[in-house]
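Close look at the chain arrangement
This is what each chain is made of:
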Amino acid sequence: MKEQFSKLFGIAEKNNQDEVKQIPVAEIVTSPYQPRTIFDDERIEELCQTIKTHGVIQPIVVRMRNGKYEIIAGERRWRAVTKLGLETIPGIVREFNDSQAASIALIENLQREGLTSIEEAVAYQKLIDLHSLTQESLAQRLGKSQSTIANKIRLLNLPEVVKLALMERKITERHARALLSLDNEEIQLKVLNDIITKELNVKQTEARVAFYKEAMNPKQKSKRISFTKDVRLALNTIRQSIEMVSGTGMQIKTDEKDHEDHYEIVIKIPKRS
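Per chain, residues are indexed from 1 in the order of the written sequence. Since the coordinates come from a predicted model, pLDDT governs what is reported: local features require at least 70, and pairs of side-chain atoms require 80 or more to be given and counted, while whole-chain, interface and lining totals use all residues. Remark: hydrogens and water are excluded; side-chain values derive from all non-hydrogen atoms of the structure.

Notes on the environment of Ile128
We count it as follows: Only DSSP runs of H or I reaching four residues or more are called helices, and only runs of E reaching two or more are called strands; each is numbered from the N terminus. Accessibility here uses a 1.4 Å probe with only protein chains present; expressed as a share of the type maximum, an area under 20% marks a residue as buried, one over 50% as exposed, and anything in between as partly exposed. The contact criterion used throughout is that any non-hydrogen atoms of two residues lie within 4.5 Å.
On the secondary structure map, Ile128 appears in helix α5 (residues 117–131). Classification of Ile128 as buried rests on a relative accessible area of 10%. Distance from Ile128 to Leu138, taken between C-alpha atoms, is 6.8 Å for residues 10 residues apart in sequence. With near-sequence residues (within four places) excluded, Ile128 lies in contact with Leu133, Thr134, Gln135, Leu138 and Ile153.

Take a look at the structure:
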């Protein structure tokens, strides 16, 4: 499957006659095009145990770069071998230019599990830039929908703190998408903190985002301009209280109506969770 995708990006298929040689581990360097920035220590340890028992079954692929062997595919295997203290690792030396090396590293990782949403988004954007593609043409080559590619790449617009939380898996991609609908970075970070500290689920996060969007909406503010200060304070206090209770996981339902002479808020609290 990986070779098929490589062909779609103009990369020659692997030659079955490539020589497998034992490459000194100390002379190997990582690829600057590696999209994976976080390597699961448990997975590396599992791979170490496999290598202890069976050896390195699949050779890594490298290219010569500045007198060193630069990894094109197989960094996890190299990390495991390094951790085991082995001196050499089986590898195949290929000739690739920078564009080909980057494409193979990105494609190989996209076909594996474990990339975070941000790493995946970065990989998509790099492939688009490398091959001058549109999101739609990239989606066709990878067999994905255009909306999938677009939704991933939109995550790159998030503040660095939010992207780091995604990288560290403190929040999910759906949490992050909810935050994208907020235009104010300060509010995004406030909601992010609530998600992490209060362990908000996606539905609770969306409700909190909706609350802040309504509060920042000029049209909504203009409607309430005739309210007295005390009425606005009362409404905000009630809404904040509802939000706090909802943050505990209780599925509270509210219905607000703005009548000519009064404001009506109906709160429904379930008797059973």
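Describing the packing of α5 against helix α7 (residues 146–154)
Just so we agree on the cut-off: Lines fitted to C-alpha atoms define the axes here, with helix axes fitted over just the stretch in contact, and angles between the N-to-C directions of these axes take values from 0 to 180 degrees. Any angle between 65 and 115 degrees counts as roughly perpendicular, while under 35 counts as roughly parallel, over 145 as roughly antiparallel, and the rest as oblique. Each helix crossing is assigned a hand: it is left-handed if the near helix lies turned anticlockwise from the far helix by less than a right angle, otherwise right-handed if that turn is clockwise. Just so you know the grouping, Ala, Val, Leu, Ile, Met, Phe, Trp, Tyr, Cys and Pro go in nonpolar, Asp, Glu, Lys and Arg go in charged, and all remaining residues, Gly too, go in polar.
It is the contact of α5 with α7, at a shortest axis distance of 8 Å, that shows an interaxial angle of 110°. The pairing of α5 with α7 is recorded here as roughly perpendicular in orientation. Read as a crossing pair, α5 and α7 show a hand that is left-handed. Listed contacts from α7 to Ser117, Glu120, Ala121, Tyr124, Gln125 and Ile128 of α5 are Ile149, Lys152 and Ile153. Here the residues of the contact of α5 with α7 are counted per class, giving five nonpolar, two polar and two charged.

A closer look at the sheet that holds strand β4 (residues 68–73)
By definition, the strands of a sheet pair up through backbone hydrogen bonds, in either a parallel or an antiparallel sense. We count it as follows: DSSP calls a pair of strands paired once it identifies at least 2 bridges connecting them.
Strand order in this open sheet of five strands is β1-β5-β3-β4-β2, and the pairing throughout is mixed. Each having just a single partner strand, β1 (20–24) and β2 (28–29) make up the two edges of the open sheet. Strand direction decides the pairing type here: β2 and β4, joined by two bridges, are parallel. Looking at β4, one finds that Val29 is bridged to Glu70. Packing against the sheet, helix α4 (residues 98–110) makes contact with β3 (60–65) and β4, and its axis sits at approximately 45° to β4.

Remarks on the environment of Thr116
With respect to the secondary-structure elements, Thr116 resides in the loop between α4 and α5. For Thr116 and Pro35, which are 81 residues apart along the polypeptide, the C-alpha to C-alpha distance reads 9.7 Å. Excluding its chain neighbours within four sequence positions, the residues that come into contact with Thr116 are Leu166, Met167 and Arg169.

A short note on α4
Formally: The span you would expect from a helix comes to 1.5 Å times its residue count less one. Distance and chemistry together define a polar contact, namely a pair of N or O atoms within 3.5 Å, with one atom able to donate a hydrogen and the other to accept it when in protein, and with adjacent residues in sequence counting only for side-chain atoms on both sides.
For α4, spanning 13 residues, the distance from its first C-alpha to its last is 18 Å, which sits close to the expected 18 Å at 1.5 Å a residue. Put simply, Asn97 is the residue that caps the front of α4, since its side-chain oxygen is 3.1 Å from the backbone nitrogen of Ser99.

Points about the packing of aromatic side chains
For clarity, the threshold we go by: Centres within 6.5 Å are what make two rings of Phe, Tyr or Trp a pair, Trp counting through its six-membered ring; a difference in plane orientation under 30 degrees is then read as stacked, over 60 as edge-to-face, and the rest as tilted.
Tallied over the full model, the rule gives one aromatic pair. With centroids separated by 5.4 Å and ring planes inclined at 75°, the aromatic side chains of Phe211 and Tyr212 adopt a geometry described as edge-to-face. You'll find Phe211 and Tyr212 in the same group, each marked buried.

Let's talk about the layout of surface pockets
Stated precisely, the cut-off is as follows: The pocket and cavity definitions rest on a 1 Å grid over protein atoms only: a 1.4 Å probe that fits but cannot leave marks a cavity, an open set with protein on both sides within 12 Å along at least five of seven lines marks a pocket, and residues lining either have an atom within 4 Å of a point. Grid points are joined across faces, edges and corners, and a volume is the space filled by probe spheres set on the points. Residue ranges labeled as domains rest on an automatic or database domain assignment.
A volume near 500 Å³ is recorded for the largest pocket. If you trace the largest pocket, you find 19 residues lining it, with Ala207, Ile242, Ser246, Ile252 and Thr254 closest to the centre. Of all elements in the fold, only α11 (202–216), α13 (229–246) and β6 (253–258) reach the threshold of two or more residues within the lining of the largest pocket. Considering every element that reaches the lining of the largest pocket, the biggest residue donor is α11, with seven residues. A per-class count over the lining of the largest pocket returns six nonpolar, six polar and seven charged. Taken domain by domain, the makeup of the lining of the largest pocket includes at least three residues from each of domain 3 (158–219) and domain 4 (231–268).

A word on the pattern of salt bridges
So the rule is basically this: Counted as salt bridges are all cases of a side-chain nitrogen of Lys or Arg within 4 Å of a carboxyl oxygen of Asp or Glu.
For the structure shown, the criterion picks out 11 salt bridges. Here Asp98 and Arg63 are joined by a salt bridge, their closest N and O atoms 2.9 Å apart. Taken together, the positions of Asp98 in helix α4 and Arg63 in strand β3 put the pair 35 residues apart, joining distant regions of the chain. For Asp98, the salt bridge is made with Arg65, and the minimal N-O distance between the two is 3.2 Å. Of this pair, Asp98 sits in helix α4 while Arg65 sits in strand β3; the two residues are 33 residues apart in sequence, bridging distant segments of the chain. Asp98 sits in the partly exposed class, given a relative accessible area of 31%. If you follow the salt bridges from partner to partner, you end up with Arg63, Arg65, Glu70 and Asp98 in one network.

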